[in-house]
Amino acid sequence: MELNCIRLLVENFDNCFRFYTEKLGLTATWGKLGETYASFDVGMPWGLSIFNSNAMASAIGNIDKPLPLDCREKSVIVLKVDNVDEIFTQLSKRGVMFINQPTDMPGWGIRVVHLRDPENNLLELFTELPKDKWDDDLLEDSNKYKK
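Computed from a predicted model, the values in this text were never measured in an experiment.

Caption draft 1: Inspection of the pairing of strand β3 (residues 37-40) at higher detail. As paired elements, strand β2 (residues 28-30) and β3 share two bridges and run antiparallel to each other. Across the sheet, the residue bridging to tryptophan 30 is serine 39, located in β3. Following β2, the chain reverses through six residues before pairing antiparallel with β3; glycine 31 in that reversal takes a positive phi of roughly 90 degrees. Pairing geometry for β3 and strand β4 (residues 48-52), over four bridges, is antiparallel. Pairing of serine 39 across the sheet is with serine 49, part of β4.

Caption draft 2: Spotlight on a nonpolar patch on the surface. Taken together, the side chains of Leu3, Ile6 and Met44 define a hydrophobic patch exposed on the protein surface, amounting to about 260 Å² of accessible area. The topology assignment puts methionine 44 in the loop between β3 and β4. Judged by relative accessible area, which is 33%, methionine 44 ranks as partly exposed.

Caption draft 3: Spatial organisation of the environment of tryptophan 30. Relative to the helices and strands, tryptophan 30 is located in strand β2. The spacing of tryptophan 30 and proline 45 is 15 residues in sequence and 9.2 Å in space, taken between C-alpha atoms. Excluding its chain neighbours within four sequence positions, the residues that come into contact with tryptophan 30 are Tyr37, Ala38, Ser39 and Trp46.

Rules used throughout
Residues numbered from 1 in each chain as written. Predicted model: local features only at pLDDT ≥ 70, side-chain atom pairs only at ≥ 80, totals over all residues. Heavy atoms only, no water. Pairing = 2+ DSSP bridges. Helix = DSSP H or I, 4+ residues; strand = E, 2+ residues; numbered from the N terminus. Patch = residues over 30% accessible without salt bridge, like charges linked within 9 Å, V, L, I, M, F, W, Y side chains within 5 Å. Areas by Shrake-Rupley, 256 points an atom, 1.4 Å probe, with all protein chains shown as cover. Salt bridge = Lys/Arg side-chain N within 4 Å of Asp/Glu carboxyl O. Buried < 20%, exposed > 50% of the residue type's maximum accessible area, 1.4 Å probe, protein only. Contact = heavy atoms within 4.5 Å.

Spelled out as structure tokens, the structure:
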């Protein structure tokens, strides 16, 4: 098996398309405003896509079911960036609202910030921390799982 993409099912396609292209600055590799499907380059040309939620619901036979609301996330889109603080500043200037400020997470080995897209999908932007900033448990665990 090979991962093709992460596809977000969205109600307002155009609003999400604008967010990913205009706010986040991702390049659309397929699709445009007014359509029902688009993909974006996230280090893989087709790595992230959006698709009209009703179209998918019709295809799998659950158009009569409600969309989940007011619940804890079951997924997060994680994007590696060169410098999380610079990206935070750039995206803030474009009007992106963040959940938190860039924060070192020594137990995760990353500096991280979180935001939501217009459909409330959770995104995490991160930059790796140098190993001297990792906590002891993470350093110990990293030795167990070396590739």
